[in-house]
Amino acid sequence: MLLILSLALSACGGNTRPDPAPASPAVTPVAPVSVPKIRIGVALGGGAAKGFAHIGVIKMLEANGLEPVVVSGTSAGSVVGALYASGMDPFQMQQQAFSLDESRIRDVSLFSGGVIKGQKLQDYVNELVKQRPLEKMKKPFAVVSTQLESGTRTVFVRGNTGQAVRASSSIPGVFEPALIGGYHYVDGGIVSPVPVDAARELGADFVIAVDISTVASGKAPGSLLGNVNQSIAIMGRKLGAQELARADVVIRPRVDDIGPASFEQRNNAILEGEKAALAAMPQIRARLATMQKTRVDEATAKARATAVAKERASAKAAAEAAERCAREQSRLGSLLRREPVCAGSDAP
């Protein structure tokens, strides 16, 4: 019995109470953390023929190693966005722009007041994207339009790509409203001139907005399309400003001198897009760096908090185990002591 008790005491370390654990350092070191790559999104605004500027912007972003992985578009921005999201690179898009024949996208209907039906535009876009529906695009892609019956913003992310682009580009009074699912849809610029929120909804962490909207110059544009285009821009300016404020960077190519139907100035529009993107590059890089640092700092702080919590839990478990061992030592030690009546006596 004495042998068993002695072994039990030795298992507890032989001390009545262990030394206290050393205090934890003020800052718990953690291994370097990795964070997911920032998902860059591009929101392409409406502006008819000015939309060629979007090609120049995308070209310079990619040339500087900043490839958008999420795309959203309104009106003219939805046309360029569809080509880009389908897998075309900026140079292929530029080639398509230079070879564009307006007759391929303009189908005037004499029975509806001379407005454009939009079927040719729909077919042209579907041909270029190889008949891919929106959900099969190589990059997540959203097309913004306005439901005519309710005036609500509608974001298309599934279904017929050409049809969605047609709906988003149906300028009131110039195009027939697009009929989809029993509802009529018109230009997305009425409710979302530059679709920043749509890019966020697709999962973009960092949104670069491209604003090519018409700025009122103090005089009438002088053409039907110009009048309508400027009217839409004026109506959507306040709403658009609120949405633009939610972008991380806004690029504004200088395309005010390019008319909404000036397809012959497509090269100038592309060049202006390139220049505007290059000018914005320092701002883009600085804000991306700030976002990356913030994410790393937050991840490091979270990892450190987890490490500290684990250390405290381990220390608490060790202290509780030591306390149990000390109590066991005390109990077993009392069993080994002689009876009080025998204390100080050598008699058996």
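Heads up: the structure comes first, above all this text.
What counts and how
Residues numbered from 1 in each chain as written. Predicted model: local features only at pLDDT ≥ 70, side-chain atom pairs only at ≥ 80, totals over all residues. Heavy atoms only, no water. Helix = DSSP H or I, 4+ residues; strand = E, 2+ residues; numbered from the N terminus. Buried < 20%, exposed > 50% of the residue type's maximum accessible area, 1.4 Å probe, protein only. Contact = heavy atoms within 4.5 Å. Core = buried A, V, L, I, M, F, W, Y, C linked by side-chain atoms within 4.5 Å. Axes fitted to C-alpha atoms, helices over the stretch in contact; angles between N-to-C directions. Parallel < 35°, antiparallel > 145°, perpendicular 65-115°, else oblique. Nonpolar A, V, L, I, M, F, W, Y, C, P; charged D, E, K, R; others polar. Polar contact = N/O pair within 3.5 Å; in protein donor to acceptor, adjacent residues only side chain to side chain. Phe/Tyr/Trp six-rings, centres within 6.5 Å; stacked < 30°, edge-to-face > 60°. Pairing = 2+ DSSP bridges.

**Q** Got a minute to help me understand the overall build of the protein chain in this structure?
**A** Helix and strand counts for the protein chain stand at 9 helices and 8 strands. Burial analysis of the protein chain (348 residues in total) assigns 44% to the buried set. Within the protein chain, contacts between residues at least 6 apart in sequence are counted, and of these 76% link residues at least 24 apart.

**Q** Please explain the nonpolar core as it appears in this structure.
**A** Side chains that are nonpolar tend, in soluble globular proteins, to be buried together. Core analysis: the largest hydrophobic core is formed by 62 residues, its most contacted members being F52, M93, F141, F156, F206, I251 and I284. Considering every element that reaches this core, the biggest residue donor is helix α9 (residues 266–336), with 9 residues. When near neighbours in sequence (up to four residues on either side) are disregarded, F206 contacts I38, R39, I40, G41, R200, D248, V249, I284, R287, L288 and M291. Listed in part, the 10 residues of the second largest apolar core include A199, A204, V207 and L244.

**Q** For this particular structure, what's the right way to read the packing of helix α2 (residues 53–63) against helix α3 (residues 76–85)?
**A** Each packed pair of helices is defined by two parameters, the angle between the axes and the distance between the axes. Two numbers describe how α2 lies on α3: the axes approach to 10 Å, and their chain directions differ by 40 degrees. Taken together, the axis directions place α2 and α3 in an arrangement best described as oblique. Across the interface between the two elements, H54, I55, I58 and E62 of α2 pack against G77, V80 and Y84 of α3. Among the residues making up the contact of α2 with α3, the classes are represented as 4 nonpolar, 2 polar and 1 charged.

**Q** Looking at this model, I keep getting lost on the environment of R200. Mind explaining?
**A** Of note, R200 is situated in helix α7 (residues 196–201). Here R200 falls in the partly exposed class, since its relative accessible area comes to 29%. C-alpha separation for the pair R200 and S72, spaced 128 residues apart in sequence, amounts to 9.2 Å. Setting aside residues no more than four positions away along its own chain, R200 makes contact with D205, F206, V207, R246, A247 and D248. Within the local environment of R200, its side chain forms a polar contact with the backbone oxygen of R246, the two atoms lying 2.8 Å apart.

**Q** Can you help me understand helix α6 (residues 161–168) in this one?
**A** Because an α-helix completes one turn every 3.6 residues, residues spaced three or four positions apart along the sequence face the same direction. Of all 8 residues in α6, 7 are buried; the element is thus mostly enclosed. Along α6, the positions that sit buried rather than exposed are T161, G162, A164, V165, R166, A167 and S168.

**Q** Got a minute to help me understand the packing of aromatic side chains in this structure?
**A** Geometry of an aromatic ring pair is reported as the spacing of the ring centres plus the angle between the planes. Evaluated as defined, the whole model comprises 2 aromatic pairs. Judged by centre distance (5.3 Å) and plane angle (70 degrees), the rings of F156 and Y185 are edge-to-face. A residue pair is termed long-range when its members are at least 10 positions apart, and F156 in strand β4 (residues 153–156) and Y185 in strand β6 (residues 183–186) qualify at 29 residues. The exposure class of F156 is buried, given its relative accessible area of 12%. Judged by relative accessible area, Y185 falls into the buried class, the value being 6%.

**Q** Just to check I follow, could you spell out the pairing of β4 for this structure?
**A** In the case of a regular strand, side chains alternate between the two sheet surfaces. Of the two faces of β4, only one is covered, namely that formed by T154 and F156; the face formed by R153 and V155 stays uncovered. With 4 bridges connecting them, strand β3 (residues 141–147) and β4 associate as antiparallel partners. If you follow V144 over to β4, its bridge partner there is V155. Count of turn residues in the β3/β4 antiparallel hairpin: 5 residues, of which G151 carries a positive phi of about 80 degrees.

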